[in-house]
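# Descriptive analysis of the structure
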Amino acid sequence: MTTTATSSPYQRLIELTQEGSLIGATGSILGWDHETMMPEGGLEYRSRQMAQLARLGHEMRTASEISDLLESSAEECADDPARSANIREIRRDYEQATRLPSELVEEFARASSIGQHEWAAARKADDFEHFRPHLEKLIELNRRKADCLGVPEGGERWDALADTYEPGMRAADVAEVFTPLRDSLASLMAELNDGPSTPSNRFNEAVVPIESQEAFVREVARTLGFDFSRGRLDRSVHPFCGGSHCNDVRMTTRFQDTEVNDALGSTMHETGHGLYEQGLPFEHVGTPLGEAISLGIHESQSRMWENQVGRSREFWTWCGPIARKMLGKDVADLSDDELYQGANIVRPGFIRVEADEATYNLHIMIRFELERGMMSGDLEARDIPSEWNRMYKSYLGLDVPNHANGCLQDVHWSMGAIGYFPTYTLGNLYCAQFFETACEQVPGMVAGFEKGEFAPLLDWLRSNIHCHGRRYGAAELCQRITGKPLSAQPLLNYLEGKLRPLHGI
Ligand code: ZN
């Protein structure tokens with residue numbers, strides 16, 4: 001690679017950043033293929049492919065030329081706020097990447113690829129012991145990773161990992177928000193439990209052919225605004241949204257014979273992620289200004305379409321006739337109200353991704369506390385099943401029946417992702433606060449859902465959030481959009497406002 005005579009330091013910095021991103025984007029498509037299409041026999045060689053790409057990408061992102069260019073381009077772009085923001089974020093990525101030795105990055109990629117595969121087998125067989133050695137390895141690698149990244153002063157190991165998903169997030173701050181949230185949710189749940197009426201569950205008991213469910217969720221995703229000429233929807237064990245860039249977004253969902261709502265909720269959730277990805281500016285592809293801010297902000301987008309839209313009464317006025325037409329005889333005689341009620345059942349359950357809006361955050365709090373223990377050294381892989389079961393009893397009042405419905409249910413730890421889970425709850429909090437502001441700024445927006453009009457909300461998200469890429473940090477964006485720092489109150493207001501009437505309170 002040579003610097004052309006005409007390129008400025010900033011242009012050269014962008015070239016190098018985009019080259020590194022190309023490797024990451026290629027790995028992302030291989031990762032998607034691994035989860036959706038790859039035959040079993042492909043695993044070993046795929047792990048080597050992923051490890052090679054991880055090593056190459058790491059080398060490119062940590063080239064010493066970048067360090068020099070960061071200095072010279074900062075001077076060059078001092079008067080340009082957008083370019084300065086891009087340089088700031090490239091610097092952050094560079095500093096994070098240079099703290100990790102390439103052997104560790106490669107070993108991590110290999111362990112995570114094998115870990116995911118073995119996790120899927122262990123979960124299928126309900127056999128924690130099958131997964132335990134892989135989890136042990138991933139915990140150990142994460143401890144090493146955290147130590148390399150550097151534990152912030154006054155913080156803990158978990159913080160160093162969490163910072164890679166949600167810049168600036170610390171365990172102590174998370175605990176400070178989670179504890180009062182847990183108390184408020186516990187009293188809301190007790191209140192709902194004693195309420196004079198219970199929402200109808202008929203929608204969730206309907207048996208619906210999987211082909212009908214698939215056609216239905218595609219129709220919903222398309223109407224919300226997902227552009228299928230720039231994205232795909234496939235199936236995987238654990239729904240996710242990936243892809244290589246804004247014009248090639250790969251999302252997945254899953255289906256069961258009953259619980260159409262699970263397929264719909266998962267699809268609307270991933271569609272929210274997909275709409276964010278498709279809304280990022282292509283002119284900045286491969287640089288921070290073309291990337292999502294943080295996982296918490298990403299999750300605010302998925303949650304908004306899944307919950308504030310998909311579990312609203314207005315949505316079901318539009319969607320009810322479509323559901324009755326497309327989902328077969330068990331759904332054909334359900335009213336809009338029954339569909340709406342079915343989408344809003346509050347009941348503690350074992351599975352996080354099937355949890356209702358009120359109990360969801362309790363699932364996250366359990367994982368957060370376990371991760372904190374794994375990183376501090378208080379917990380080892382062998383302790384996870386018993387601790388998991390103990391906490392489900394204490395937080396949700398449930399006796400976990402088996403590991404498949406317990407500590408083997410989520411893909412995250414098998415990928416080596418520790419510090420990730422709390423971004424879901426932060427996402428719920430950002431989501432409620434953003435949505436409250438959107439409702440104030442776009443009169444008639446929610447009423448439009450009744451007619452299948454979702455563009456006003458999408459346009460608001462595009463112009464307030466998507467178009468900025470990583471120009472603003474999460475906290476700054478929240479302040480800019482809503483005029484306030486993040487608070488749990490909008491989420492609690494939203495949950496109480498909806499769930500109390502559904503329970504006759
Ligand atoms: Zn999500």
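Residues numbered from 1 in each chain as written. Predicted model: local features only at pLDDT ≥ 70, side-chain atom pairs only at ≥ 80, totals over all residues. Heavy atoms only, no water.

## Here we look at the overall build of the protein
We apply this condition: Numbering goes from the N terminus for both helices and strands, where a helix is a DSSP run of H or I of at least four residues and a strand is a run of E of at least two. The globule rule used here is 2.2 Å times the number of residues to the 0.38 power, and the radius of gyration it is set against is calculated over C-alpha atoms. Partly exposed describes any residue whose relative accessible area lies between the buried limit of under 20% and the exposed limit of over 50%, with all areas from a 1.4 Å probe on protein chains only and scaled to the type maximum. Throughout, a residue-residue contact means that at least one pair of heavy atoms, one from each residue, lies within 4.5 Å.
Of regular secondary structure, the protein possesses 22 helices and three strands. Against the globule reference of 23 Å for 505 residues, the protein gives a C-alpha radius of gyration of 23 Å, in line with a compact fold. Dimensions of the protein, computed from the C-alpha atoms along their principal axes, are close to 70 × 50 × 45 Å. When each of the 505 residues of the protein is scored for burial, the buried share is 54%. Restricting to contacts in the protein with at least 6 residues of sequence separation, those with at least 24 account for 73%.

## Digging into the coordination of the zinc ion
The test is simple: Metal donors were taken as nitrogen, oxygen and sulfur atoms no farther than 2.8 Å from the ion, or 3.2 Å where the ion is Na, K or Ca. Water is excluded, so coordination may look unfinished.
On the protein side, the zinc ion has His269 (NE2), His273 (NE2) and Glu299 (OE) as donor atoms, found 2.1 to 2.3 Å from it. Assessed through its relative accessible area of 10%, His273 is described here as buried.

## Quick word on the side chain of Ser302
Note the following rule: Identification of polar contacts relies on pairs of N or O atoms within 3.5 Å, with a donor-acceptor requirement for protein atoms, meaning one able to donate a hydrogen and the other able to accept it, and with residues adjacent in sequence counted only if both atoms are side-chain atoms.
Within the element layout of this structure, Ser302 appears in helix α12 (residues 295–309). Classification of Ser302 as buried rests on a relative accessible area of 0%. Here the side chain of Ser302 touches Glu299 through a polar contact of 3.0 Å, landing on its backbone oxygen. If we skip the residues at most four places from it in the chain, Ser302 touches Met268, His269, Gly272 and His273.

## Points about the packing of helix α18 (residues 422–441) against helix α21 (residues 474–482)
Worth spelling out the cut-off: Orientation is described by lines fitted to C-alpha atoms, with helices fitted over the stretch in contact, and by angles between N-to-C directions that extend from 0 to 180 degrees. Just so you know how the angles are binned, under 35 degrees is roughly parallel, over 145 roughly antiparallel, 65 to 115 roughly perpendicular, and the rest oblique. Helix crossings fall into two classes, left-handed where the near helix is turned counterclockwise from the far one by less than a right angle and right-handed where it is turned clockwise. As a working rule, the residues Ala, Val, Leu, Ile, Met, Phe, Trp, Tyr, Cys and Pro are called nonpolar, Asp, Glu, Lys and Arg charged, and the rest polar, with Gly in that last group.
In the contact formed by α18 and α21, the axes pass within 10 Å of each other and the chain directions differ by 25 degrees. It follows from the interaxial angle that α18 and α21 lie roughly parallel. The crossing of α18 and α21 is left-handed. Taking contact as the criterion, the partners of Tyr430, Gln433, Phe434, Thr437 and Gln441 in α18 are, on α21, Ala474, Ala475, Leu477, Cys478, Ile481 and Thr482. Its residues assigned to classes, the contact of α18 with α21 shows seven nonpolar, four polar and no charged.

## Considerations on the packing of aromatic side chains
Where we set the bar: Classification of ring pairs rests on two measures: the distance between centres of Phe, Tyr or Trp rings, Trp counted by its six-membered ring, which must be within 6.5 Å, and the angle between planes, read as stacked under 30 degrees, edge-to-face over 60 and tilted in between. The rule is short: NZ of Lys or CZ of Arg within 6 Å of the ring centre and within 35 degrees of the ring normal puts a charge over the ring.
Following the criterion strictly, the structure yields 18 aromatic pairs and no others. For the ring pair Trp318 and Phe454, a centre distance of 5.4 Å and an interplane angle of 80 degrees mean the geometry is edge-to-face. You can see Trp318 sitting in helix α13 (residues 313–326) and its partner Phe454 sitting in the loop between α19 (445–449) and α20 (455–464), a full 136 residues away along the chain. Just as Trp318 is buried, Phe454 falls in that class too. Over the aromatic face of Trp32 sits the side chain of Arg250, whose NZ or CZ is 4.4 Å from the ring centroid. Of note, Arg367 hangs over the ring of Phe421, and the distance from its end group to the ring centre comes to 5.4 Å.

## Describing the sheet that holds strand β3 (residues 248–253)
Operational definition: Strands are treated as partners if at least two bridges between them are detected by DSSP.
Taken together, three strands build an open sheet; the order of strands is β1-β3-β2 and the sheet is mixed. Strands at the two margins of the open sheet, each flanked by one partner only, are β1 (231–235) and β2 (241–245). Across the sheet, the mean angle from the axis of one strand to that of its neighbour is 20 degrees, orientation sign disregarded. Bridge analysis of β2 against β3 gives four bridges, and the strand direction is antiparallel.

## A closer look at the domain arrangement of the protein
Worth spelling out the cut-off: Per the annotation, domain bounds derive from an automatic or database assignment of domains. Two parts placed together each lose some accessible area under a 1.4 Å probe, and the buried area is that loss summed for both.
Looking at the protein, the domain boundaries give domain 1 (9–150) and domain 2 (198–502). Taking only C-alpha atoms into account, the centre of domain 1 sits 25 Å from that of domain 2. Facing the 39 residues of domain 1 at the interface are 44 residues of domain 2. Carbon and sulfur atoms make up 61% of the surface buried where domain 1 meets domain 2, a total of about 3,500 Å² over both sides.

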